[in-house]
Amino acid sequence: MAAEPVTAGARRTAGWWRRKSLRFRLVAVASAVLAVALGLSAYVMVGVLGRTLIATIDESIYQRARGTVSQADSGQLPDELTSPDGTLIQVIDSAGRITHATAGTDRLVPLLNAADRSAAISQRRARFLDGAPYGIPHLLRVRVLSADRGQTVIAARPFSEVETSISTAGHVLVIGTPLLLVLLAGASWVIIGRTLRPITELRRGAEVITGTARSRRLPVPESRDEVHHLATTLNAMLDRLERADARQRALVSDAAHELRSPLASIRLQLEVALGHPGGQDDWRETAEGVLEDTTRLTRLAEDLLALARLDERGGALARREPVELDELVAQTLERYGPAVTFEPGAPVVVSGDALDLGRVLVNLVDNALRHTVAPVAVELRAEGADAVLTVTDDGPGIPEEDRERVFDRFTRLDSARSRDEGGAGLGLAIVRETVNAHGGAVHLEDARPGLRAVVRLPLS
């Protein structure tokens, strides 16, 4: 039960944090990291400074003790020992009496008793000593060395100067670190704000892009950074969306126009037949006309459904499998009888969707049959790494400047390709998009006379 309030509090804290702006969160995280880094740096610096000063004092008193030992061993100790750097020195004989000492040092009581002197000599390092019992109001750093004839040299130096240096450095860091942190946080706030300004401009630009202002684009910053690349990518996405929207609107408009004609024809024929109910032959003729228009509607619906599926897949195939293209062509052309000629050759295998490839061939042959007198010639061969499928008719052909335009949706060029002939201008559009989805290409060329459609597909 006790864990539930803690969890609720953590959730409220997380929610409060997520509600803050990105600028605030970045500055807060950066400041927290800087605070930890500065705190650790200050701690390390004070520690290093203290150890360095202690090592300096230890080296100083060792050198002073070492010099005094040399004088004692040679019997050249002066009656009054002097110490310019403030080091306290006592020379103790084998009986424990102080024979020489610097000014201000007790000449009766050694700073360390015999046992402590022996331990200090064996440890070979300095130690701390409270100077209060000896009339010295400071903590001392003491080093003991042994000399000849049982003599002992004690060298000590007040530790107060080290403490003062460390305390001064600590006060400077305690005051300077928060000031430095505030300065860095302010600089981070300004820098992050300027960095995020292009993103704010992108957001404002996105707010004005509506359904009535689709041609607007997001502002692109001059700096070649990630925000620049983001704006460029988003503008490219808007371009694609605008083209897709325009394409969809055109498709809907063209489809509505195409549907209006057969529906109006059906309505007109039925109204005429209802206005003259006495003629049996008129009803039969009406039924034939309605059936013809219904067939056109069915073909148009199938073409629209095929294009919708292609658009939905975004240029990808519904399935990809090995397709024996020579057998597929032969089976598809059986329905046309003598209206189409085809000579089977060597096996040709491609990778793709057999149903879609069959629809490509049907659309090309149906389109050729509308404009030819002689049988349509279909050829299939392997050429390099490609399978080449050609459909040739002897019709009037298409001017060179219009051979790419006919692959657009709902495109007709002349009366021979009008809706009265059954075409809605979608067959070649389906052919191109299907071939592109298979990684191939299609184009039209002059057959002299007539027109030749050439489809290239990569061999499996």
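Cut-offs applied
- Residues numbered from 1 in each chain as written.
- Predicted model: local features only at pLDDT ≥ 70, side-chain atom pairs only at ≥ 80, totals over all residues.
- Heavy atoms only, no water.
- UniProt positions renumbered as here; feature names shortened; annotations may be inferred.
- Helix = DSSP H or I, 4+ residues; strand = E, 2+ residues; numbered from the N terminus.
- Rg over C-alpha atoms; globule rule 2.2 N^0.38 Å.
- Buried < 20%, exposed > 50% of the residue type's maximum accessible area, 1.4 Å probe, protein only.
- Contact = heavy atoms within 4.5 Å.
- Areas by Shrake-Rupley, 256 points an atom, 1.4 Å probe, with all protein chains shown as cover.
- Arc of directions from axis to C-beta.
- Expected span 1.5 Å × (residues − 1).
- Bend = angle between axes of the 7 residues up to and from the residue.
- Axes fitted to C-alpha atoms, helices over the stretch in contact; angles between N-to-C directions.
- Left-handed = near helix turned anticlockwise from the far one by under 90°.
- Nonpolar A, V, L, I, M, F, W, Y, C, P; charged D, E, K, R; others polar.
- Parallel < 35°, antiparallel > 145°, perpendicular 65-115°, else oblique.
- Pairing = 2+ DSSP bridges.
- pLDDT = per-residue confidence, 0-100.
- Core = buried A, V, L, I, M, F, W, Y, C linked by side-chain atoms within 4.5 Å.

For the protein, an unreviewed UniProt entry supplies the name histidine kinase and the organism Planobispora siamensis. The Catalytic activity (unreviewed entry) comment attached to the protein in UniProt states, word for word, "ATP + protein L-histidine = ADP + protein N-phospho-L-histidine." Annotation of the protein in UniProt includes, under Subcellular location (unreviewed entry), the sentence "Cell membrane".

1. Focus: the overall build of the protein
When you go through the protein residue by residue, the secondary structure sums to nine helices and 12 strands. Here the protein has a C-alpha radius of gyration of 50 Å; the compact-globule value for 460 residues is 23 Å, and the former is much larger. Expressed as lengths along the three principal axes of its C-alpha atoms, the size of the protein is roughly 155 × 55 × 50 Å. In the protein, buried positions account for 37% of the 460 residues. Sequence-distant contacts in the protein: of pairs separated by 6 or more residues, those separated by 24 or more amount to 59%. Accessible area for the protein stands at about 27,100 Å²; split by element, carbon and sulfur atoms hold 57% of it.

2. A short note on helix α7 (residues 325-333)
Every buried residue of α7 is listed here: L325, D326, L328, V329, T332 and L333. Down the axis of α7, the smallest arc covering the buried residues is 165°, so these residues share one side.

3. What about helix α4 (residues 160-207)?
Between the first and last C-alpha of α4 there are 68 Å, a value that for 48 residues agrees with the 70 Å anticipated at 1.5 Å per step. Where α4 bends most, the angle comes to about 35°, and this point is R197, followed within four residues by the proline P198.

4. As for the packing of helix α8 (residues 354-369) against helix α9 (residues 427-437)
Running from N to C, α8 and α9 cross one another at 145°; their axes reach a closest spacing of 9 Å. Both α8 and α9 take part in a crossing whose hand is left-handed. From α8, D356, R359, V360, N363, L364 and N367 reach across to α9, where they touch G427, L428, I430, V431, T434 and V435. Among the residues forming the contact of α8 with α9, the class breakdown is six nonpolar, four polar and two charged.

5. Focus on the packing of helix α2 (residues 22-74) against α4
Running from amino to carboxyl end, α2 crosses α4 at an angle of 160°, the nearest separation of the two axes being 9 Å. Overall, the two elements α2 and α4 adopt an arrangement that is roughly antiparallel. α4 is crossed by α2, and the crossing has right-handed handedness. Partitioning the contact of α2 with α4 into residue classes produces 26 nonpolar, six polar and two charged.

6. Some words on the UniProt feature "transmembrane region" (unreviewed entry) in the protein
Feature annotation in UniProt places "transmembrane region" (unreviewed entry) on residues 26-46, given in this structure's numbering. Within residues 26-46, the helical portion is 100% and the strand portion 0%, while the C-alpha atoms at the span's ends are 30 Å from each other.

7. Notes on the pairing of strand β9 (residues 376-383)
Relative to β9, strand β7 (residues 340-342) runs parallel, the two sharing three bridges. Paired with V340 across the strands is V376, a residue of β9. Note that β9 and strand β10 (residues 386-393) share seven bridges and pair antiparallel. Each residue of the ladder has a partner; that of A382, found in β10, is A387. Where β9 hands over to β10, the hairpin turn is made up of two residues, of which G384 adopts a positive phi near 65°.

8. Looking at the sheet that holds strand β3 (residues 127-130)
The five strands are arranged β2-β1-β5-β4-β3 in an open sheet whose pairing can be described as antiparallel. Both edges of this open sheet fall to β2 (98-101) and β3, since each of them pairs with a single strand only. Each strand of the sheet is rotated relative to its neighbour by a mean of 30°, with strand direction disregarded. Lying over the sheet, α2 contacts β1 (88-92), β3, β4 (139-146) and β5 (152-158), oriented at roughly 40° with respect to β4.

9. Focus on the environment of F407
Within the fold, F407 resides in the loop between β10 and α9. Judged by relative accessible area, which is 5%, F407 ranks as buried. Along the backbone, F407 and L297 are 110 residues apart, and their C-alpha atoms lie at a distance of 21 Å. When neighbours within four sequence positions are excluded, F407 is seen to be in contact with L428, A429, R432, V442, H443 and L444.

10. Topic: the sheet that holds β10
The five strands are arranged β7-β9-β10-β12-β11 in an open sheet whose pairing can be described as mixed. Across the chains shown, the open sheet's two edge strands, defined by having one partner strand only, are β7 and β11 (441-446). When strand polarity is set aside, the average angle formed by the axes of neighbouring strands in this sheet is 20°. Bridge analysis of β10 against strand β12 (residues 451-458) gives eight bridges, and the strand direction is antiparallel. Across the sheet, T390 pairs through a bridge with V454, a residue of β12. Across the sheet, α9 lies against β11 and β12, angled at about 135° from β11, the strand it touches most.

11. A few points about the confidence of the model for the protein
On average, residues of the protein carry a pLDDT of 82, and 91% of them reach 70 or more. The weakest mean pLDDT in the protein belongs to helix α1 (residues 3-19) at 68; the strongest belongs to β12 at 92.

12. A word on the nonpolar core
Ranked by size, the top nonpolar core spans 35 residues in total, and within it L325, V329, L333 and V378 carry the most contacts. In terms of residue count, α8 provides more of this core than any other element does, seven residues in total. Counting 16 residues, the second-largest nonpolar core is a separate cluster that includes I61, L145, V153 and A155.

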